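Here's the letter readout for the chains.
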Amino acid sequence: MLHGYGVYQEEHEAFRRTVRAVVDQEILPFVREWEAREDFPRELFTRFGELGFLGLKYPELYGGSAAGELYEAVLLEELGRCGSGGVAAGLGAQCTIASAPLHLFGSDEQKRRFLAPAIRGEKIGALGVTEPDAGSDVAGIRTTAVRDGSHYIVNGSKTYITNGVRADFVVLAVKTDPQKGRKGLSLLILEKGTPGFSVGRKLQKLGWRASDTAELFFEDCRVPVDNLLGEPGQGFTQILGNFQWERLSLALGALGAMEDMLEKVLVHVKERRAFGQSLSGFQVVRHKLAELFTELECARQLTYHALRLHVGGEHAVAQTSMAKKVATETCCRVADACLQLHGGAGYMMEYDIQRHWRDARLGPIGGGTSEVMNEIIARQLGL
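Rules behind the numbers
Residues numbered from 1 in each chain as written. Predicted model: local features only at pLDDT ≥ 70, side-chain atom pairs only at ≥ 80, totals over all residues. Heavy atoms only, no water. Helix = DSSP H or I, 4+ residues; strand = E, 2+ residues; numbered from the N terminus. Rg over C-alpha atoms; globule rule 2.2 N^0.38 Å. Buried < 20%, exposed > 50% of the residue type's maximum accessible area, 1.4 Å probe, protein only. Contact = heavy atoms within 4.5 Å. Lys, Arg positive; Asp, Glu negative; His and termini not counted. Charge placed at Lys NZ, Arg CZ, Asp CG, Glu CD. Salt bridge = Lys/Arg side-chain N within 4 Å of Asp/Glu carboxyl O. Disulfide = S-S within 2.5 Å. UniProt positions renumbered as here; feature names shortened; annotations may be inferred. Expected span 1.5 Å × (residues − 1). Polar contact = N/O pair within 3.5 Å; in protein donor to acceptor, adjacent residues only side chain to side chain. Core = buried A, V, L, I, M, F, W, Y, C linked by side-chain atoms within 4.5 Å. Pairing = 2+ DSSP bridges.

### Section: the overall build of the protein chain
In terms of regular secondary structure, the protein chain is built from 12 helices and 10 strands. Since a compact globule built from 383 residues should have a radius of gyration of about 21 Å, the 21 Å found for the protein chain is in line with a globular shape. Counting the 383 residues in the protein chain, one finds 55% classified as buried. Taking the contacts inside the protein chain whose residues are at least 6 apart along the sequence as the reference set, 75% of them involve residues at least 24 apart. Each charge class in the protein chain was averaged separately, 44 positive and 48 negative side chains, and the resulting centres sit 3 Å apart.

Structural data, given as structure tokens:
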């Protein structure tokens, strides 16, 4: 499959080959085992840190390579091909949502304490925004942080937090001034081991089973004021500041997953025989595959267009929202069609397509639902 489309250069494609080799050798052979135990080794974070994969867009001062977001885009696409949405989510969350706020808004001291070890894979981070009664409605969060001298006293809870079980730190969205609505939101770094901080349970999921997803609880947690990112009241803007990359990351991962599914189903329909011929001999199968590859290409073109605009520094809120919506919804349709083309085998746990089918379904939900994307797009149209 050709890449580039005016987005990637040869150096990015060389990096793609490197990442694909790592995925093929160090992830794919173990995916079924990790999925079965609903976990993957913590050592994979340190391995990705050693390879420089967790600091591609971060400054060399803190251990990154400053290669840029396009290299991370390649990484996210290739992780989408690894056969486990959970592994891709856990590793991807480390560099796309957990450490990004530290890079964008942290002080030098905060970056040395948290960003540098996150880039090395020594500390695992999580982003704590979603609550039982506040998901896409970020302004509706209820977790509070009340100033008490040199500390904030944090009370509340979070849910659906990727990497929450084993996180060494959580970048936490809190209300430092509940009377001000969204203008009273702040981001606070809360460390593992803080008295009053507890992990409620590791949540059981339909898909992304190899990732850890947690409920988190905070009861009178004393967090140093020095752990505040930026100034009080900047949290809503800070969260929005990384939303576009988070949504692009989901679109890019969906592209990689679709490529993997379609490559596998091509092999299947050529090898599987029915009524005296291979499945690929039936026009209905060939035309279905033609439609699926066309849908992938449409999603890729839109996602790469949004990626071009984003890395070019343009205000591409509508385009990134469109890309996230289209790519993740297309991934669900492709997964369903590929499962159907596998027939009864597709319903069996021993075939990878069932896992793709389950994993794909989170795409139109996570990072802002498709319905929220529609509302954002409508607002960008002035409606």
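### Regarding unusual backbone geometry
Residues apart from glycine generally show negative phi values, whereas peptide bonds are mostly found in trans. Unusually for a residue other than glycine, Glu38 sits at a positive phi of about 55°. Among the structural elements, Glu38 can be located in the loop between α2 (31–37) and α3 (43–50). A positive phi angle is found at Phe275, which is not glycine, with a value near 55°. With respect to the secondary-structure elements, Phe275 resides in the loop between β9 (273–274) and β10 (277–278). Residue class for Phe275 comes out exposed when judged on its relative accessible area of 80%.

### Describing the pattern of salt bridges
Overall, the coordinates contain 33 salt bridges when judged by the stated rule. A salt bridge links Arg112 to Asp108, with the nearest nitrogen and oxygen atoms 3.0 Å apart. With Arg112 and Asp108 both in helix α7 (residues 108–119) and 4 residues apart, this pair spans about one turn of that helix. In this structure Arg112 comes out as partly exposed when scored by relative accessible area, which is 45%. Residue classification places Asp108 among the partly exposed residues on the basis of a relative accessible area of 38%. Among the ionic pairs, Arg113 bridges to Glu191, the shortest N-O distance being 2.8 Å. A residue pair is termed long-range when its members are at least 10 positions apart, and Arg113 in helix α7 and Glu191 in strand β5 (residues 185–191) qualify at 78 residues.

### What about the state of the cysteines?
Put plainly, a disulfide is one covalent bond tying together the sulfur atoms of two cysteines. Counted under the stated rule, the structure contains 0 disulfides. Counting only cysteine sulfurs, Cys331 is the nearest neighbor of Cys332, a cysteine outside any disulfide, at a range of 6.2 Å. Since its relative accessible area comes to 18%, Cys332 is described here as buried. In this structure Cys338 is not part of a disulfide, and its nearest cysteine sulfur, from Cys331, lies 9.3 Å away.

### A few points about the UniProt feature "domain: Acyl-CoA oxidase/dehydrogenase middle" (unreviewed entry) in the protein chain
As annotated by UniProt and renumbered to match this structure, "domain: Acyl-CoA oxidase/dehydrogenase middle" (unreviewed entry) occupies residues 126–221. When the span residues 126–221 is considered, its composition is 0% helix and 51% strand, and the gap between its end C-alpha atoms is 17 Å.

### Details of the UniProt feature "domain: Acyl-CoA dehydrogenase/oxidase C-terminal" (unreviewed entry) in the protein chain
Mapped onto this numbering, the UniProt entry annotates "domain: Acyl-CoA dehydrogenase/oxidase C-terminal" (unreviewed entry) at residues 233–381. Here residues 233–381 is 74% helix and 3% strand, with 28 Å between the C-alpha atoms at its ends.

### Some details on helix α9 (residues 283–311)
Here α9 is 29 residues long and its end C-alpha atoms lie 42 Å apart, about the 42 Å a rise of 1.5 Å per residue gives. Where α9 is concerned, the buried positions are Val285, Leu289, Leu292, Leu296, Ala299, Arg300, Thr303, Tyr304, Ala306, Leu307 and Leu309. Contacts from the buried residues of α9 go to α1 (10–26), α4 (69–80), α8 (235–271) and α10 (317–341). Just downstream of α9 lies Gly313, where phi reads positive at about 85°.

### Observations concerning the side chain of Thr143
Looking at where Thr143 falls in the secondary structure, it is placed in the loop between β1 (125–128) and β2 (144–148). Polar side-chain contacts of Thr143 include one of 2.7 Å to the side chain of Glu131. Polar side-chain contacts of Thr143 include one of 3.2 Å to the backbone oxygen of Ser157. Ignoring anything within four residues of it in the chain, the contact list for Thr143 reads Glu131, Val154, Asn155, Gly156, Ser157, Lys158, Ala173, Val174, Lys175 and Phe218.

### A few points about the environment of Glu271
Inspection of the secondary structure assignment puts Glu271 in helix α8. By relative accessible area, Glu271 is classed as exposed at 62%. A sequence separation of 181 residues divides Glu271 from Gly90, and the C-alpha atoms of the two residues are 34 Å apart.

### A few points about α4
Along its 12 residues, α4 runs 16 Å from first to last C-alpha, staying within 8% of the 16 Å computed at 1.5 Å per residue. Regarding α4, the residues found buried are Leu70, Tyr71, Glu72, Ala73, Val74, Leu75, Leu76, Glu77, Glu78, Leu79 and Gly80. Contacts made by the buried residues of α4 are with α1, α3, α5 (85–98), α8, α9 and α11 (352–360).

### Let's talk about the nonpolar core
With 64 residues, the main nonpolar core has Ile27 and Phe48 as its most contacted residues. It is α8 that provides the largest number of residues to this core, a total of 12 residues. Not counting residues up to four positions away in its chain, the partners in contact with Ile27 are Val22, Trp34, Leu44, Phe48, Leu79, Cys82, Val87 and Leu91. With 27 residues, the next largest nonpolar core counts Ala118, Ala134, Ile189 and Ile239 among its residues.

### Details of the pairing of strand β4 (residues 169–175)
Counting buried positions along β4 yields 7 of 7 residues, so the element is predominantly enclosed. Alternating positions in β4 separate into two faces, Phe169, Val171, Ala173 and Lys175 on one and Val170, Leu172 and Val174 on the other, with burial throughout. Pairing geometry for β1 and β4, over 4 bridges, is parallel. Each bridged residue has a counterpart across the sheet, and for Leu127 the counterpart in β4 is Val171. Here β4 pairs with β5 via 7 bridges, running antiparallel. In the strand pairing of β5, Val171 is matched with Ile189.

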